[in-house]
Amino acid sequence: MRKIYIFDTTLRDGEQSPGVNLNMNEKVEIALQLEKLGVDRIEAGFPAASPGDLAGVAAVAGAVKNATIIGLSRSREQDIDAVREALKAAQDPCIHLFLATSPIHRKHKLRMEKEQVLEAAERAIRYAKQYFSKIEFSPEDAGRTELDFLCEVTDMAIKAGATVVNIPDTVGYMTPAEFGNIFKTLKEQVPGIEKIQLSAHCHDDLGMATANALAAIVNGADQVEGTINGIGERAGNTAIEEVAMALATRAEYYGAQTTLNLKEIAKTSRLVSKLTGMVVPGNKAIVGANAFAHESGIHQDGMLKEKTTYEIISPEIIGLKESKLVLGKHSGRHAFREKLIDMGYELADEAVNAAFAKFKELADKKKNVSDEDIRAMLEEKLVNTPEVYSLEAIQVSYGNESTPSATVRVRNAGQLQEKTAEGNGSVDAIYNAIDLTTDETVELEDYSIKSVTQGKDALGEVHVVLKQDEVSAQGRGLSTDILEASARAYIDALNRLIDKRKSPGRRDKMSLI
Ligand code: KIV
Ligand code: ZN
């Protein structure tokens, strides 16, 4: 079996998804989970974008030991220097240089002729070569680049010292046959191609990202770039879990495999969804909530007789386990601890005790506490943001013939503030009341709510994005009551905004020119 290297760009291309803005701790949390998943390479960010991005990449480089850490760089010396700075602590650093090569980009964006593009890219690779033994070069918009010019660019990159040449279908324009043909042609026509690795980087604008990546593998790609849950610019990137499971499930067809720890897929997907606030659609391949649900009677009958009639992947492979042990308010500490171990959580005694106290509170409100409830409860505060504000109490008055009003009690540096406000709905009233207890002026950019499990007593999870002076921060809140969850999410986002203000270099996503 040929090994396919997995280059994860959740923290760079994935973080370019609209509305996503991860702070440094969140980046590290995701990177450590990617390390557990066993990805070979982690693109941690774009250090030249801002001091904050540089610090984020540096933090990931310092934390991850078992994966190559990569920083993105335009083909410019100042960007390369920023990557050098960011990757100082990395055990296995790599720089990812890019420059657009397609006629459209050359003419309208770069205003450069082919020769100038070749020269600029070569200069950048040679400069980077003084500092990095691993260099990936991407001819941006390779999919729409003339094939003979792409061969020329690849030839130049190899001679200048690149160790990986990545072929991005930047705008998701390719068909699998066309994209596969690029790899076949490069393999056949570029001298010395066997000395480097070829990589595929696809976007999903026409829903082809995974199919194109697999076509690249069939035609000789050594590496696939992608993100968890397929998040990314516009319609997103190739979903890593889809490629890994396609190779694992159809090993006889592809004759290639990743070395991912497939059992970590579900956990990684949940973490990325939670920290980015990007909800995974129910019908999403591999990690959607319905990916293993069988609704029709005929399918259910088939499944009961023989699972393989309708199931090509068993949920256990990606780390989803059917639980036989349902917990409730009479469950003791021992059963709770067993459940945590069963679910793959290794917690110290103190953390188990704290989680058990939270579980008891939840079990008072919910008859049966499911695995999903426990997971949501444990993962609610994955990353600790300093709590400037905390919610102490909330009281809401609502009637369809009266104006909703809310009273909140919020703690700020030991001081309690209680305020009442009205709004055009209960959530609006709560947010107006919270605003009165703080000195912050913020704008609510996004609000979404989802139920963690089924049933009237399900836990509700609210996700909000707040904006202040062009800086956005997201927040999450969890409760069996959606109004309380809404208040918690708002306060969480406020605390993150304040934290972001203090951290070095705020960034608005900059275009990759
Ligand atoms: O899609 C793209 O072209 C990119 C490059 C920076 C590789 O993300
Ligand atoms: Zn991309």
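Each chain carries its own residue numbering, running from 1 in the direction its sequence is written. Whichever chain is written first becomes A and whichever ligand is written first becomes 1, with later ones labelled in order. In keeping with the predicted nature of the model, local features appear solely for residues at pLDDT of at least 70, side-chain atom pairs appear and are counted solely at 80 or more, and the whole-chain, interface and lining totals rest on all residues. Side-chain measures were taken over the full set of non-hydrogen atoms in the model, leaving aside hydrogen atoms and water.

Labelled according to an unreviewed UniProt entry, the chain appears under the name 2-isopropylmalate synthase, originating from Paenibacillus abyssi. UniProt positions are given in the numbering used here, feature names are shortened, and annotations may be inferred rather than shown by experiment. Note on the chain: under the UniProt heading Cofactor (unreviewed entry), the record states "Mn(2+)". We quote the UniProt Catalytic activity (unreviewed entry) comment for the chain here in full: "3-methyl-2-oxobutanoate + acetyl-CoA + H2O = (2S)-2-isopropylmalate + CoA + H(+)".

A few points about the coordination of the zinc ion (ligand 2)
Taken together, Asp13 (OD), His201 (NE2) and His203 (NE2) make up the full set of protein donors to the zinc ion (ligand 2), lying 2.0 to 2.1 Å away. The donor set comprises N, O and S atoms within 2.8 Å of the metal, extended to 3.2 Å for Na, K and Ca; water molecules are omitted, so apparent gaps in a site may simply reflect that omission. Going along the chain, you hit the donors of the zinc ion (ligand 2) in the pattern D-x187-H-x1-H. In this pair, Asp13 sits in the loop between β2 (5–8) and α1 (24–37) while His201 sits in strand β8 (residues 197–202), placing the two residues 188 residues apart along the sequence. Exposure categories follow from relative accessible area, calculated using a 1.4 Å probe and restricted to protein chains: below 20% of the type maximum is buried, above 50% is exposed, and the middle band is partly exposed. On the basis of relative accessibility, which here comes to 5%, the residue His201 falls in the buried class. Labels follow the DSSP assignment, with helices taken as runs of H or I lasting at least four residues and strands as runs of E lasting at least two, numbered in each case from the N terminus.

Observations concerning the environment of Asp92
By the secondary structure assignment, Asp92 is in the loop between α3 (77–86) and β5 (93–100). Residues Asp92 and Ile69 lie 23 residues apart in sequence; the distance between their C-alpha atoms is 6.3 Å. Throughout, a contact is declared for two residues whenever any of their heavy atoms are within 4.5 Å. The contact partners of Asp92, leaving out residues within four places of it in the chain, are Ala67, Thr68, Ile69 and Lys134. By the criterion applied in these results, polar contacts are pairs of N or O atoms within 3.5 Å in which, for protein atoms, one can donate a hydrogen and the other can accept it, and in which residues neighboring in sequence qualify only through two side-chain atoms. For Asp92, the side chain forms a polar contact with the side chain of Thr68, separated by 2.7 Å.

Points about the UniProt feature "domain: Pyruvate carboxyltransferase" (unreviewed entry) in the chain
Under the local residue numbering, the UniProt record ascribes the feature "domain: Pyruvate carboxyltransferase" (unreviewed entry) to residues 4–266. A distance of 20 Å separates the end C-alpha atoms of residues 4–266, which is 44% helix and 18% strand.

Let's talk about helix α17 (residues 482–502)
Given the number of residues in a helix, its expected span is that number minus one, multiplied by 1.5 Å. The end-to-end C-alpha separation of α17 is 30 Å, in line with the 30 Å expected for 21 residues at 1.5 Å each. Of the residues that open α17, the one with a side-chain oxygen 2.7 Å from the backbone nitrogen of Leu483 is Asp481.

Observations regarding the confidence of the model for the chain
pLDDT measures the predictor's confidence residue by residue and takes values from 0 up to 100. Per-chain confidence: the chain averages 92 in pLDDT, with 96% of residues scoring 70 or above. Ignoring residues within four places in sequence, the model shows residues 508–513, a span with pLDDT below 50, making 19 contacts including any to other chains.

Some remarks on the site of ligand 1
The environment of ligand 1 is formed by Arg12, Asp13, His96, Phe98, Ser138, Glu140, Pro168, Thr170, His201 and His203. Between ligand 1 and the protein, one listed contact pairs an oxygen atom with a side-chain N or O atom of Arg12 at 2.9 Å. Separating an oxygen atom of ligand 1 from a side-chain N or O atom of Asp13 is a distance of 3.1 Å. Secondary-structure elements contributing two or more residues to the shell around ligand 1 are β5 and β6 (135–140). By residue class, the composition of the shell around ligand 1 is two nonpolar, five polar and three charged. Residues are labelled near a given molecule or strand when at least one of their non-hydrogen atoms is within 4 Å of it. Under the convention adopted here, Pro, Cys and the residues Ala, Val, Leu, Ile, Met, Phe, Trp and Tyr are nonpolar, Asp, Glu, Lys and Arg are charged, and Gly plus all remaining residues are polar.

Focus on the pattern of salt bridges
The salt bridge definition used is simple: a Lys or Arg side-chain nitrogen within 4 Å of an Asp or Glu carboxyl oxygen. Under the definition given, this model contains 30 salt bridges. Of the charged contacts, one joins Lys88 and Glu85 as a salt bridge, the two residues approaching to 3.0 Å between their closest N and O atoms. According to the relative accessible area criterion, Lys88 is exposed, its value standing at 65%. Exposure remark for Glu85: the relative accessible area of 39% places this residue in the partly exposed category. The network of salt bridges with shared partners includes Arg12, Asp13 and Glu43.

A few points about the sheet that holds strand β11 (residues 389–397)
Only when DSSP finds a minimum of two bridges between them are two strands counted as paired. Sheet architecture is open: three strands sit in the order β11-β12-β13, paired in antiparallel fashion. Edge positions in the open sheet fall to β11 and β13 (415–422), since each of these has one partner strand only. Each adjacent strand pair in this sheet contributes to an overall mean axis angle of 15°, direction not counted. Where strand β12 (residues 405–412) lies against β13, eight bridges are found, and the strand directions are antiparallel. Considered in β13, the bridge of Arg411 is made with Leu416. All axes here are fitted lines through C-alpha atoms, helices being fitted over the stretch that makes contact, and every angle between N-to-C directions spans 0 to 180 degrees.

Observations concerning the side chain of His463
Among the structural elements, His463 can be located in strand β15 (residues 460–468). Given the relative accessible area of 9%, His463 is considered buried. There is a polar contact of 3.5 Å between the side chain of His463 and the side chain of Gln474. In this structure, His463 is in contact with Thr276, Gly277, Asp446, Tyr447, Ser448, Gln474, Gly475 and Arg476, ignoring residues within four places of it in sequence.

Concerning the domain arrangement of the chain
Boundaries between domains were set according to an automatic or database domain assignment. Split into domains, the chain comes out as domain 1 (2–276), domain 2 (292–319) and domain 3 (389–501). Each of domain 1 and domain 2 has a C-alpha centre, and the two are 35 Å apart. Between domain 1 and domain 2, the contact holds seven residues from the first and six residues from the second. Defined in terms of a 1.4 Å probe, buried area is the accessible area two parts forfeit on being brought together, summed over both. Surface buried jointly by domain 1 and domain 2 totals about 510 Å² across both partners, of which 70% is contributed by carbon and sulfur atoms. Inspection of the domain 1/domain 2 interface yields zero salt bridges. Connecting domain 1 to domain 2 are three residue pairs in polar contact (both at pLDDT 80 or more). Looking at the side of domain 1 that touches domain 2, the elements that each hand over two or more residues are α9 (240–249) and α11 (265–276). Here the residues of the side of domain 1 that touches domain 2 sort into four nonpolar, one polar and two charged.

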